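# Residue-level structural notes
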Amino acid sequence: MLDVPRLRLLRAVVATGSIRAAAAALDYTPSAVSQQLALLQRETGLRLFDRVGRGIEPTVAGRTLAAEAESLFEALNRVEGVVGDLRLGRVGRLSIAYFSSIGATWLPPVVAALMAEFPELRLDLRMMELHAATDSTAAADVDISIFVERPGTEYSPLHQVRRLVDDPYLVVVRDCDPLAGLTEVPLAALAEERWVDNDLNHGACRQVLLAACAEAGFSPRFSVETHDYHTAIPFVATGIGITVIPELGIGELPAGLTAIPVVAPAPVRHVSVAVKKSIGEHPAVRRVLELLEARVPAVAGR
């Protein structure tokens, strides 16, 4: 394995153009720098410098190795920043992946609280659908992921996963629709209706609904294609069809529309959160989980 301090010296010599200048910048003696460079040459089996008069000139190999080492030192700087944050008991940067209906309901107050309580925290918020995540824990570099469970998913051992809420689906119809007078709507009763699609084809939420429809013995007749709940709802208001949406995604319905629980079978999406175990005990992460779980009783009690 290459010696990192020697690579740092190589980079400094290439950048400054001389052993003496690099030694002064890094608080070494020129002879110590020369010694370490000689060891690095033996370590790599490469000629890194040529003698030119009383000085040295980096070879192509020397310049290439110094340039390739830049990404290593950038990563080391990030790690050193993390170490500093850990010593102070804080997370300097926190990434959160989410899906649209959580982004529209739960996430804004969570973000507001975090900004107030951890003013130095840098938040990186990522819309999960936009990244086309197929793994429920989202990308490996995300610290916290709020997601809809997919059947059969195996979660990374690097993450701790907990369920937040079971979110049932409701059908949105116009007040003048005969279905509006029911307290519950059997899913099979929607088989002949025209549907307004409201999700991505690969979306976990859509798959939950399609699986329930298959269990009820039909496939929805989609007459309008949209990719989010708030776009689908105004189409229902025109009378073009109905749409079926998880309760968390409905929000405030426009006048003239109503939402009724769907049953027999009752499609339900399971909303969970995955947290990197390596940062699970940090104050900002614990606070995110507290804020998310505080939203659950209000949803479950609706």
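Scroll up for the structure.
Now for a quick tour of the structure. Keep in mind that what you see is a predicted model, and the values were worked out from it rather than measured. (Residues numbered from 1 in each chain as written. Predicted model: local features only at pLDDT ≥ 70, side-chain atom pairs only at ≥ 80, totals over all residues. Heavy atoms only, no water.)

## Remarks on the nonpolar core
What counts is decided by this rule: Think of a nonpolar core as a cluster: buried Ala, Val, Leu, Ile, Met, Phe, Trp, Tyr and Cys residues, connected wherever their side-chain atoms sit within 4.5 Å. Residue exposure (1.4 Å probe, protein chains only): buried if accessible area is under 20% of the type maximum, exposed if over 50%, otherwise partly exposed. Any two residues whose heavy atoms approach within 4.5 Å at even a single point are treated as in contact.
The biggest cluster of nonpolar side chains holds 61 residues, and the ones touching the most others in it are I146, V171, L190, W195 and V244. With residues up to four places along the chain from it excluded, the contact list for V244 reads Y169, L170, V171, L190, W195, N198, L209 and V262. Of all hydrophobic cores here, the second largest spans 19 residues; its members include I19, V33, L48 and I56.

## What about the packing of helix α2 (residues 19–26) against helix α3 (residues 30–44)?
To keep it simple, the criterion reads: For every element, the axis is a line fit to its C-alpha atoms; helices are fit only across the contacting stretch, and the angle between N-to-C directions ranges from 0 to 180 degrees. Segments assigned H or I by DSSP are reported as helices when at least four residues long, segments assigned E as strands when at least two residues long, and all are numbered from the N terminus. Working definition: roughly parallel below 35 degrees, roughly antiparallel above 145 degrees, roughly perpendicular at 65 to 115 degrees, and oblique for all remaining angles. In this classification, Asp, Glu, Lys and Arg are treated as charged, Ala, Val, Leu, Ile, Met, Phe, Trp, Tyr, Cys and Pro as nonpolar, and every other residue, Gly included, as polar.
At a minimum axis separation of 8 Å, α2 and α3 run at an interaxial angle of 105 degrees. Put simply, α2 runs roughly perpendicular to α3. Across the interface between the two elements, I19, R20 and A23 of α2 pack against P30, V33, S34 and L37 of α3. Of the residues belonging to the contact of α2 with α3, the class tally is 5 nonpolar, 1 polar and 1 charged.

## Section: the packing of helix α1 (residues 4–16) against α3
Which entries qualify depends on this criterion: Take the far helix as the reference: if the near one is turned anticlockwise from it by less than a right angle, the crossing is left-handed, and if turned clockwise, right-handed.
The geometry of α1 relative to α3 is characterised by a closest axis approach of 9 Å and an angle of 110 degrees between their N-to-C directions. Comparing the axis directions of α1 and α3 gives the class roughly perpendicular. Pair α1 / α3 crosses with left-handed handedness. The segment α1 lies against α3, with R6, L7, L9, L10 and V13 engaging V33, Q36, L37, L39, L40 and E43. A class-by-class count of the residues in the contact of α1 with α3 yields 8 nonpolar, 1 polar and 2 charged.

Note that all results are geometric; they support no functional claim without further evidence.
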